[in-house]
Amino acid sequence: FPQRPISPPIQLSGVWEMDSVEQADGILGGTSDGFVYRRDGHPNAHDLAAHLVSLHQTEHGIVTAQGMSALAAACLSLLKPKDTVVLAQPLYGKTSYLVKEELHRWGIQWIDVDATNLVEWDKAFAQNPRLAIVETITNPRMSVPDLQSICDRAHASPSAPCLVLVDNTFATPALCQPARFGADLVMESLSKFACGHGDVMLGFLGGSSQVWGRIRGVISAFGLASSPL
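Everything numeric in this text was worked out from a predicted model, so none of it was measured. (Residues numbered from 1 in each chain as written. Predicted model: local features only at pLDDT ≥ 70, side-chain atom pairs only at ≥ 80, totals over all residues. Heavy atoms only, no water.)

1. Re the sheet that holds strand β3 (residues 109–114)
Two modes of strand pairing occur in sheets, parallel and antiparallel, and in both the strands are linked by backbone hydrogen bonds. Read across the sheet, 7 strands follow the order β1-β7-β6-β5-β4-β2-β3 without closing on themselves; strand pairing throughout is mixed. Edge positions in the open sheet fall to β1 (60–64) and β3, since each of these has one partner strand only. The average undirected angle you get between the axes of adjacent strands in this sheet is 20°. Pairing geometry for strand β6 (residues 185–189) and strand β7 (residues 203–207), over 5 bridges, is antiparallel. (Pairing = 2+ DSSP bridges. Helix = DSSP H or I, 4+ residues; strand = E, 2+ residues; numbered from the N terminus. Axes fitted to C-alpha atoms, helices over the stretch in contact; angles between N-to-C directions.)

What follows is the structure in structure tokens.
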């Protein structure tokens, strides 16, 4: 039919038929568009990510299995042993757990700061961290950090700038687009306010070309991709 449905159809296919091995290689290698295997991308995630990229004004974006998958993808892509992460407290409990328990086992260090205390931020950035994780509106205490000042401070060192990942779950792009304040990465648990009905488990990760290189490959390799549902 020539008409397009307002609600895109859910496509449950796990694999797509190819005309040739070369076509599959091109799609999987990123030199051509299309879908081969659901773990590497599928139409429903592609459509949703495109809308969220537009709303967040990021250069890239991808939908993941859940919010923690988006956070894990960012950390696994950007961090290496002996790197330090700044945690803007209070944070969602599983975010702190991921860094302090799971990533710490792989040699990742952390610094806790009060999300709204710029003096503490300055002291943390003086230790040359690799990544800072901060929430637009903190979960659960609802404090509001100064994203512009944090991003400016993080990027101030020309020799070792710190990347900033903003968890925008509580705000959604309706209230805030962290990339406009200089955030290198933005993530959301779409399960919460973006959906709003308590019946979806999905995440979103968006960011700039500067940090995006390994993210899609990590999401595929670690099995962090979303379901079409």
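Moving on, there is more to tell.
2. Some points on the pattern of salt bridges
Taken as a whole, this structure holds 4 salt bridges when the rule is applied. Of the charged contacts in the structure, one is a salt bridge between Arg 105 and Glu 102, with a shortest N-O distance of 3.0 Å. One salt bridge connects Arg 153 with Asp 122, and the closest N-O pair in it is separated by 2.7 Å. Of this pair, Arg 153 sits in helix α6 (residues 147–154) while Asp 122 sits in helix α5 (residues 118–125), and the two are 31 residues apart along the sequence. (Salt bridge = Lys/Arg side-chain N within 4 Å of Asp/Glu carboxyl O.)

3. What to know about the packing of aromatic side chains
All chains considered together, the criterion is met by 3 aromatic pairs. Judged by centre distance (5.2 Å) and plane angle (85°), the ring pair of Phe 170 and Phe 193 falls under edge-to-face. Here the residue Phe 170 occupies a position in the loop between β5 (163–167) and α7 (172–175), and Phe 193 occupies one in the loop between β6 and β7, the gap between them amounting to 23 residues. Between the NZ or CZ atom of Lys 94 and the centre of the ring of Tyr 97, over which it lies, the distance is 5.0 Å. In this structure, Lys 192 is placed above the aromatic ring of Tyr 92, and the distance from its NZ or CZ to the ring centre is 5.1 Å. (Phe/Tyr/Trp six-rings, centres within 6.5 Å; stacked < 30°, edge-to-face > 60°. Lys NZ or Arg CZ within 6 Å of the ring centre and 35° of its normal.)

4. What about α5?
Those residues of α5 that fall on the buried side of the exposure criterion are Trp 121, Ala 124 and Phe 125. For α5, the arc enclosing every buried residue in end-on projection is 95°, short of the 170-degree limit, so these residues lie on one face. Across α5 from its buried face, at more than 90 degrees, point the exposed residues Val 119 and Lys 123. For α5, the secondary structure elements touched by its buried residues are β2 (84–89), β3, β4 (131–135) and α6. At the N-terminal end of α5, a side-chain oxygen is found 3.0 Å from the backbone nitrogen of Val 119, two or three residues along, and the residue is Asn 117. (Buried < 20%, exposed > 50% of the residue type's maximum accessible area, 1.4 Å probe, protein only. Arc of directions from axis to C-beta. Contact = heavy atoms within 4.5 Å. Polar contact = N/O pair within 3.5 Å; in protein donor to acceptor, adjacent residues only side chain to side chain.)

5. Description of a nonpolar patch on the surface
A grouping of Ile 10, Leu 12 and Leu 229 is seen on the molecular surface, where their side chains present a nonpolar patch of about 340 Å² in accessible area. Here Leu 229 lies in the segment after α9 (215–221). Leu 229 sits in the exposed class, given a relative accessible area of 67%. (Patch = residues over 30% accessible without salt bridge, like charges linked within 9 Å, V, L, I, M, F, W, Y side chains within 5 Å. Areas by Shrake-Rupley, 256 points an atom, 1.4 Å probe, with all protein chains shown as cover.)

6. Concerning the nonpolar core
Generally speaking, nonpolar side chains in soluble globular proteins are found buried as a group. Counting 27 residues, the largest nonpolar core has Val 85, Leu 131, Ile 133, Leu 165, Leu 185 and Leu 205 as its most contacted members. Those elements that provide at least two residues to this core are α3 (67–78), β2, α4 (93–103), β4, β5, β6, α8 (209–212) and α9. In terms of residues, this core owes the most to one element, α3, which gives 6 residues. In this structure, Leu 165 is in contact with Leu 71, Ala 74, Leu 131, Ala 132, Ile 133, Val 134, Leu 185 and Met 187, ignoring residues within four places of it in sequence. In terms of nonpolar packing, the next biggest core, distinct from the first, is built from 22 residues, Val 86, Ala 88, Trp 121 and Ala 183 among them. (Core = buried A, V, L, I, M, F, W, Y, C linked by side-chain atoms within 4.5 Å.)

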